[in-house]
Each structure stands twice: as C-alpha cells, then as structure tokens.
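Understanding the architecture of this molecule
Chain residues, written in single-letter form:
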Amino acid sequence: MTATITLSTGQQMPAVGLGTWKSAQGQVKQAVLAALDCDYRHIDCAAAYSNEREVGEALSEQLGEGKPLRREDIFVTSKLWNTKHHPDDVEDACKKSLSDLRLSYLDLYLMHWPMAFERGDELMPRRPDGTVRYDNNIHYRDTWAAMEKLVDQGLVKAIGLSNFNARQIDDILSIAKHKPVVNQVECHPYLVQTQLVSQCWGRGLAVTAYSPLGSPDRPWVTPGEAHLLDDPRVVGLATCYNKTPAQVIIRWHIQRGVICIPKSITPSRIKQNIEVFDFKLTDEDMRVIESFNRNERLIIPTIMIDGQKVWRDAKHPHFPFSDPY
C-alpha cells in the first residue's frame, strides 16, 4: 500500500519516492531495482546527479511489454540543470534525460534551481578561485516559458520548481501558461518550512521534501554537526512505535501532506523507508516533531573564500535563500 498526492493536473504522485542524489554510478541501478521490487512507484532523478543512464537501465528492465510493470505505473521526475537555462537549451536537455532514462516522457520536470550558470556541458563552470561562473542575463521566467513547450510537445506531463522561494513562485505564476504543480525543497524536522509549504498549497503546488531525513551524508557536512536520525527525541519516538527513526520522520512528512524522497542504496533501508503505512503518529507526536524546527538549512553548497566558509551562490541575483521563505 502507498499513498498518493493529487497534483493540480489530476496526476497521482506517490507520497514516497526513491531519491537518487548521491547514489553513485555502479550502485544506483541496484537501488532502483530494489525499490521497484518493494513497490516504490516514484523515482526522483536529475541530470545533475550524473546517474540517469544507470537509472534508465533499471527502468528498462522492469517497464514495458512482457515486463513486470507498465510505464504508466511509475512516476518519474527529472530536473533541468542550471547550465541549461537558456531557452534554446531546454528541449535538448530534457531529451537527453529522456534518452538516458530510456523513457518517452517524464511525469514531472523541475527547474532544479532558479539560478542560471554559464551555458555549456560543464556541470559546475568554475573560475580558478573556485567560484561559479554565472549567466545573470538569463531569467528563470524565460526558462519557464521554454519548459512550457515541453508540455505542449508531450515530452513531459507536468512541470514544476525546485529550491524556489515564495516570491519567485509568485513571479512564475504571474506569467505561467502551464502552472507549476510542485516545488521541491529541503524539508525535515530541523527545517519544517511551515510558511513556504502553506504558501505552495495555497497556490495549488504540492511540496516534495528532499533530504527528508536530514541528509547525514551530504558532501559538505562538518565534524560535530547534529544528525537528525541520531537525535534522542527521534530515537525515543521510534522506540515507542517500534519503528526506525527514518520511518518515524517519513511518516511525519506523509501525515503533513508532504511528498518525500528518501535516498538509500541499501536494500534493507529502501524496504524500511516505504514500510510507513501500517502506523500513524498521534497529533501530539506530530507537534513534538515539528517543535524540533531550527530553521536550519543543511543543503546549501559552501566554498572557502579568504579562509571563511560561505554560501557558494549567495551573490547570484536569483539566489533563493536570501528571502525568509
């Protein structure tokens, strides 16, 4: 059994999906196969994860005539990377993801960030000092208009946003012909995102939580940083419910009405992460978990400049996290 969220297009988006960020080549195929075997019906991908070709190998083994699953049984999301924001690059970028994933259409295609990087095939175009080369002349509104054409062409069923703040969402809505159906953002008990989630729902967008478990293996974690899954309060709740800390947090997301995409490459954890439909948190426990909120972002890439760790993209004119939400 799995729950779904109804998008504004009428599509049913499974409330729990497999995240593939940080799943290395050589591992992600088996992770996807394990997930499909455990009744996951939602796979979250992105060109920037550099593993869509291997995800496609797994999907091709399971989807199609004479195979266990039909294409329409699986909800697949991918994302447009920052170096492909120029309107002339959007269609080719989408088709590249489709080719790698071995699909004829995507259920959902997101603009990964509102920030445009310098055009090209280099994932992170950098200067010698490590800073990123941006293209400040490309506005996300123009990128969105190009993404809308993908819907018209049948390449994607729906389009949405990722890492957009409330003001930027309203900016897109003001010009959209095809309205965004989802905003995918960092969300977990240390970053509850109450105001942003409420604003999205009020404007017809569903919310997907990435790093829903706090992403303890994030690349820029520093020694001594708190790990959500080790938080004694979470561990205590897990003990009460005879569940894992991850299962308790995933259940919290689902009961909030937020889609979540926990990542794992370990078959036993993949299985556990979807075994969250046989218990329910009390209203009081829901409030307790929400009280863990620190408004603490864990997933902001940082770089060292003059010996100081700073947010990598904070000087980009469309950097989303300068606004309160």
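This is a predicted model, so every value here is computed, not measured.

Considerations on unusual backbone geometry
Backbone geometry places N163, a non-glycine residue, at a positive phi of 65 degrees. Here N295, not a glycine, exhibits a phi torsion of approximately 50 degrees, which is positive. On the secondary structure map, N295 appears in the loop between α10 (283-290) and β11 (302-305). The exposure class assigned to N295 is exposed, which follows from its relative accessible area of 60%.

Topic: the packing of aromatic side chains
Aromatic rings in a pair are described by how distant their centres are and how their planes are angled relative to each other. Taken as a whole, this structure holds seven aromatic pairs when the rule is applied. Judged by centre distance (5.6 Å) and plane angle (50 degrees), the rings of Y241 and F279 are tilted. With Y241 in helix α7 (residues 232-241) and F279 in the loop between α9 (267-274) and α10, the pair connects residues that are 38 residues apart, well separated along the chain. F279 carries the same exposure label as Y241, and that label is buried. Members of the aromatic cluster, connected to one another through ring pairs, are W113, W311, F319 and F321.

Overview of the UniProt feature "site: Lowers pKa of active site Tyr" (unreviewed entry) in the chain
The sites that UniProt annotates as "site: Lowers pKa of active site Tyr" (unreviewed entry) are K79. With respect to the helices, strands and loops of the structure, K79 is situated in strand β5 (residues 75-80). When residues no more than four places from it in sequence are discounted, the contact partners of K79 are D44, C45, A46, A47, Y49, Y109, L110, H112 and Q184. For K79, the side chain forms a polar contact with the side chain of D44, separated by 2.6 Å.

What counts, and at which threshold
Residues numbered from 1 in each chain as written. Predicted model: local features only at pLDDT ≥ 70, side-chain atom pairs only at ≥ 80, totals over all residues. Heavy atoms only, no water. Helix = DSSP H or I, 4+ residues; strand = E, 2+ residues; numbered from the N terminus. Buried < 20%, exposed > 50% of the residue type's maximum accessible area, 1.4 Å probe, protein only. Phe/Tyr/Trp six-rings, centres within 6.5 Å; stacked < 30°, edge-to-face > 60°. UniProt positions renumbered as here; feature names shortened; annotations may be inferred. Contact = heavy atoms within 4.5 Å. Polar contact = N/O pair within 3.5 Å; in protein donor to acceptor, adjacent residues only side chain to side chain.

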